[in-house]
Structure formats: C-alpha cells, structure tokens
Amino acid sequence: MIGLISATAAGAAARDRLAAAWPDRTRVYDGPVKDAVRSAFAECEQLVCFLATGAVVRLIAPLLGAKATDPGVVCVDEGGRFAVSLVGGHGGGANELAREVGALLAAQPVVTTATDSVGLPGLDTLGLPVEGAVAAVSRALLDGEPVALHAESAWPLPPLPLAEEGAFAVRLTDRAVEPAANEVLVRPPSLVVGVGASRGAPVDEVLGLVGTALREAGLSPRSIAELATVDAKSGEPGLVEAAARLGVPLVTYSAEELAGVQVPHPSDAPLAAVGTPSVAEAAALARGGELLVPKRKSERADGRPAMATCAVVRRPARGRLAVVGLGPGARDLLTPRARAELRRAAVLVGLDQYVDQIRDLLRPGTRILESGLGAEEERARTAVAEARAGHAVALIGSGDAGVYAMASPALAEASDDIDVIGVPGVTAALAAGAVLGAPLGHDHVSISLSDLHTPWEVIERRVRAAAEADIVVTFYNPRSRGRDWQLPKALAILAGHREPTTPVGVVRNASRPDESSRVTTLAALDPAWVDMMTVVTVGNTATRNVAGRMVTPRGYRWQQNGQEEGR
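Definitions and limits used
Residues numbered from 1 in each chain as written. Predicted model: local features only at pLDDT ≥ 70, side-chain atom pairs only at ≥ 80, totals over all residues. Heavy atoms only, no water. Pairing = 2+ DSSP bridges. Helix = DSSP H or I, 4+ residues; strand = E, 2+ residues; numbered from the N terminus. Buried < 20%, exposed > 50% of the residue type's maximum accessible area, 1.4 Å probe, protein only. Right-handed = clockwise from strand over helix to strand, strands pointing away. Core = buried A, V, L, I, M, F, W, Y, C linked by side-chain atoms within 4.5 Å. Salt bridge = Lys/Arg side-chain N within 4 Å of Asp/Glu carboxyl O. Axes fitted to C-alpha atoms, helices over the stretch in contact; angles between N-to-C directions. Parallel < 35°, antiparallel > 145°, perpendicular 65-115°, else oblique. Contact = heavy atoms within 4.5 Å. Nonpolar A, V, L, I, M, F, W, Y, C, P; charged D, E, K, R; others polar. pLDDT = per-residue confidence, 0-100. Expected span 1.5 Å × (residues − 1). Left-handed = near helix turned anticlockwise from the far one by under 90°.

Turning to the sheet that holds strand β28 (residues 549-551), a few remarks are in order. The three strands are arranged β21-β28-β27 in an open sheet whose pairing can be described as mixed. Across the chains shown, the open sheet's two edge strands, defined by having one partner strand only, are β21 (437-438) and β27 (544-546). Bridge count for β21 against β28 is two bridges, and the pairing is parallel. Across the sheet, residue Gly437 finds its bridge partner in β28, namely Met550.

A few words now on the pairing of strand β15 (residues 308-314). Among the seven residues of β15, six are classified as buried, and the element is accordingly described as predominantly covered. With seven bridges connecting them, strand β11 (residues 191-197) and β15 associate as antiparallel partners. By the bridge assignment for β15, Gly196 is matched with Thr309. Two elements, strand β14 (residues 290-297) and β15, share five bridges in a ladder whose sense is antiparallel. Its bridge partner being in β15, Glu290 is matched across the sheet by Arg314.

The next thing to look at is the pairing of strand β17 (residues 347-351). A large share of β17 lies buried, amounting to five of its five residues. Here β17 runs beside strand β18 (residues 367-371); their pairing, made up of five bridges, is parallel. Residue Gly350 lies in a different strand from β18, and its bridge partner there is Glu370. Read from β17 through helix α13 (residues 352-358) to β18, the crossover connection turns out right-handed. Both β17 and strand β19 (residues 392-397) contribute to a ladder of three bridges, which runs parallel. Bridge pairing in β19 links Val349 to Leu395.

Counting 23 residues, the largest nonpolar core has Val193, Val195, Leu214, Leu227 and Val312 as its most contacted members. Going through the elements one at a time, β11, α7 (203-217), β12 (224-230), α8 (237-246) and β15 are the ones with two or more residues in this core. Considering every element that reaches this core, the biggest residue donor is α7, with six residues.

For the rest of this paragraph, the subject is the pattern of salt bridges. Scanning the model with the defined rule gives 29 salt bridges in all. A salt bridge links Asp174 to Arg314, with the shortest nitrogen-to-oxygen separation between them at 2.8 Å. Residue Asp174 is located in the loop between β9 (168-172) and β10 (183-186), and its partner Arg314 is located in strand β15; the two are separated by 140 residues in the primary sequence. For Asp174, a relative accessible area of 3% translates into the label buried. For Arg314, a relative accessible area of 22% gives the class partly exposed. The closest approach of N and O atoms between Asp356 and Arg359, which form a salt bridge, is 2.7 Å.

Moving on to the packing of helix α1 (residues 9-21) against helix α4 (residues 94-105). With their axes 11 Å apart at the nearest point, α1 and α4 run at an angle of 105 degrees to one another. Judged by the inter-axis angle, α1 sits roughly perpendicular to α4. Residues Ala14, Arg17, Leu18 and Ala21 of α1 pack against Val101, Leu104 and Leu105 of α4. Among the residues forming the contact of α1 with α4, the class breakdown is six nonpolar, no polar and one charged.

Bringing the confidence of the model for the protein chain into the picture now. Here the protein chain shows a mean pLDDT of 89. Residues at 70 or above account for 96%. Predicted confidence is poor over residues 559-567, with pLDDT under 50, and the contacts of this stretch with residues over four places away or in other chains come to six contacts.

Let us now look at the sheet that holds strand β7 (residues 130-132). Spatially, β7-β10-β9-β8 is the arrangement adopted by the four strands of the open sheet, whose pairing is mixed. Of all the strands in the sheet, the pair left with one neighbour each is β7 and β8 (147-151). Each strand of the sheet is rotated relative to its neighbour by a mean of 20 degrees, with strand direction disregarded. The sheet contact formed by β9 and β10 spans four bridges and is parallel. Bridge pairing in β10 places Ala169 opposite Glu183. Strand contacts of helix α6 (residues 134-142): β7, β8, β9 and β10, with the helix running at about 115 degrees to β9, the strand carrying the most contacts.

Further remarks concern helix α14 (residues 376-388). Taking 1.5 Å of rise per residue, the 13 residues of α14 would be expected to cover 18 Å, and the 18 Å separating its terminal C-alpha atoms lies within 8% of that figure. Immediately beyond the C-terminal end of α14, within one or two residues, lies Gly390, with a positive phi of roughly 95 degrees.

So, on to the packing of α7 against α8. Viewed as axis vectors pointing N to C, α7 and α8 meet at an angle of 55 degrees, and their least axial separation amounts to 8 Å. In terms of orientation, α7 lies oblique with respect to α8. Note on packing geometry: the crossing formed by α7 with α8 is right-handed. Facing α7, whose interface residues are Val203, Asp204, Val206 and Leu207, α8 presents Gly238, Leu239, Glu241, Ala242, Arg245 and Leu246. Across the contact of α7 with α8, the residue classes tally to six nonpolar, one polar and three charged.

Here it is in structure tokens:
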C-alpha cells in the first residue's frame, strides 16, 4: 500500500489525482502531517509526500530503522514539477515509484542512486536474493574496476559490466556458502522441493525436513523456487503454511502427471493413497532437472511414523527471450514496456539499423549481436541459442515484432525450454493510418507485396479476396528497385472492384523526421511515389476524403451529411 500525505490545497489536488488513478494501491492520510507521516510509515510499503524534501527528512528521521525494511519515500514539490526518490530507492522501490508518479503527474522523476544515475542495475534490484559486500562491489562497478562473474549455473541476469577476473566478484550460486571478502552472492531460484505429506502433517515437521535436506546437501534455502506436490495435497495446511513461510508458491500436479515421471524410488504407499507411485520425487522432477536429494522422510522425536517426505531438484535455467517491437521509428512511439525490456536484456539481437535507433537506451554491459538485411532467420536462431544458454535476450524488430518481423521466425525456432515474452509495438499501418486520418475505421487487412518469401500467386489470391470483400487494404513492402510491377498489379485488381475515385493514402517514413504523406485516388496514384519505406492504404467503397483526410466509417452506411449512422 502507498500512503499519500499532503499539507496544502495544491498538494491535496495532486494527491487526489494519484488516489483516483491508483484506488487499490493507495491510502490517503489526513490530519496533522506529523501524525499522518508516522502512521503511514508504520502501515505502508511506500509513501508519497506532497511536501518539501527538508520537511519530510525531519519528519521521517526519527522513524528510520533499516535499509531493508524501511518503506520507500517519494517527495513531490508544491508545483508538481518533480518527484524525488528520497529514501529506499532500491529496497523500498522509491526509484521506480518516482518514475511512475512522474509519468502520471507529468513531473520529472529525480533519482540520485548512483547505479541508476549511470544506467547500471543495482545488485539489490536484480529480483534475486543477494548476500555479501553489495556496497563494495557496487562501488567497484561504478568506478569501472573489474568485477568477475562466477556463475555456477546459467541464469538470465540483466546486463552488468562483469569480467572473467577481478578483485571483486559476483557469484551466482545456490550452494550454502559464505561470501568471500569483496564478493556478492546472488541466489538464483534454481531449487524445486517436492513434498509429500500425510493428512495433518505439522508445518514445523515439513519445514524441519526441508531445512535438514538442504543443509546436508549444502544448498541454500534462499534458492528455493517452489514447493511441489500432488493435487490431492493442494489444501494440506502444513504444506500451504510451509510454502507461505518460505515465501514461495505451492505448485501442484495431477496424480496422472506424476505417475508418468520416471523416479528412482517409486512406492506402493502413495500409489494407494493418491494414485501415483511417487509424490516428492515426481513433483520435484515434473519439469525436469537434476535430482540432488532423493526422497527422504522426516524424523519425529517421539518415534512415531514420519508424516512428510521431500526431494530436491536443481531445475535447468530457463533463458528469457523478449521479442520487442520498436514501433515505426519515433522515440515517443516506443512503448514503456519495450524500453523496460531493452534495459533488462543482457544480449540484444537485431538488424544493425534498428540497433542504432535504440543503442542509447541499453545498459552498460549489454552484448550486442547485430547483422544486416536479409539475415532474419540467422538472427532468430542466434537469439534463441543465446536464450537457451541461459541469458536474458531481446530480439528487436520494427513496428510490431509479430507483423512481418522477427516474432514468427523466432517462435518457429524456439521450443518450450525457454521463456518467450512478446512486447507489442505500434505498427507501420497504425502509424500511417494516424497520419492519413482514420482509414482503418472499419474492417481492414495488411498484405505484403514482397514475393521473396511468398509466391506471387498466393499474394494475388489474397489481394483479390480483399478486393471482393470490400476491405480496406494496407500494402507493406509495396515497391523496390527489383520489384516494381507488383504494386500496379495489385492496384489493378482492386480497381476491378472499386471506383477510380476511391481514396488512397501514401505515407513514407511514418512518424520519422522526414515523414511525408499524401491522399490521392486509386486512379491518380503514381507507383513512382512509392518505395520500401512507404505504406500504401487503399480505402473501401465507403471510404471518403474529408477535408483532406481519409475516413472509413464504422458503420456500413454513409449518410448524406457525411456522418456515420448511429453515431
């Protein structure tokens, strides 16, 4: 919960805007400011104070406890010009909150955390537990000193300027080891603990068993990703509470799924009880991995039969592939989600000219793999291979990566051994449509006229179908030096079903500084105006030229006054 505190009418107005935008995330604290800050500090994970930073410093100073537990505090000035991350930039999430508040209130976020200021991800913001000399190693990274990465297993980390050797180190490990001097341990969520339990098994018995198994195997409990069991035990209180105390999900599988998992120690007892010869081992191995701790039973001090079993598996690292659409080229049409994925990626794969568009957004340490035109399949294979190696990868394409871009070849290459995230982008058709007016106001279709990958016979059949169905058509890849006859052929097909006066929009380099556009007609369009940087949109029989703009009505009837029926 985010506590909101203000002292003036102007502050209250901005406060109320946040409260209205985030009704489920915020709580307004009224009354004397000192009392409101004290209450919010004790009750909320974060605070936004519409007060001077000096005043907030004096108010929270007596309340500060520990960096790991204090709430994040953001200050917004009286004029609403700045959102200042004051306390808890990383641990309390104040840096990100300042950015969110700034975006909503049109205020400039002010973040002074050293790593954020230079574009480095903080070691305590990796989303993974960390131990050791975080401050010292962070300073070494900031000072450009060599910091070695010792990865005992591959895991998708954000970009960090790490070396093979150095006086400082980051060690990625799930083993129960103590950090050395000038070393940070990063704990990947690599361990799956399969658990079985008799009805009424006490939570302390379950946790004691898990703790003993990990300790004797030399494994860190901070690397537990999940507890796993059979569906029949999904509501078993001891298992539910154990997962809650460990801070991990309780994942369940059907008895049929678990019965199909090969395990070293099947048993008749669980087969009779829940329908599978193994619960702990099978649940731990359900998604693959290396069995580190075979099934073992709990030991009870009173000598009574064990009520819990567990097994531990190290699951294979799953790389992360984000397929990112960059939009039509304008920086302000690059989505916030795309920006976030670009900054998260340790490896960037893309066409050289697209890489140049966003190179300045990448974090230091990002490895860039770029290539020229015509290497789409090679880029897709490279991106998938890097993800399979356990990296966080971004594969970029223009517009929306799923529209005539990189998503299709990448997903055709990928299998279920990596996580794939699609990041939508503004397409060329949408960018051109916004320039032209509203040509896509009703049913529309996009067709690429490039026959490099698709036989012309197929393209022609699709153009003819769109013509006969009276659908607005946007042509991608309409004309190049080596392909100059396809566009006239496609336009001739449309002309067989539409009037010569049908509006046609031609937009080149939509949203870019050298953007140009014109609205003409099907009869007057000169193909010489068109190249590969151009999008051509042909209206349907209802599309009209209204004040120089293409407009396709939402309804099927166009009233004489030029307004859509039923508006």
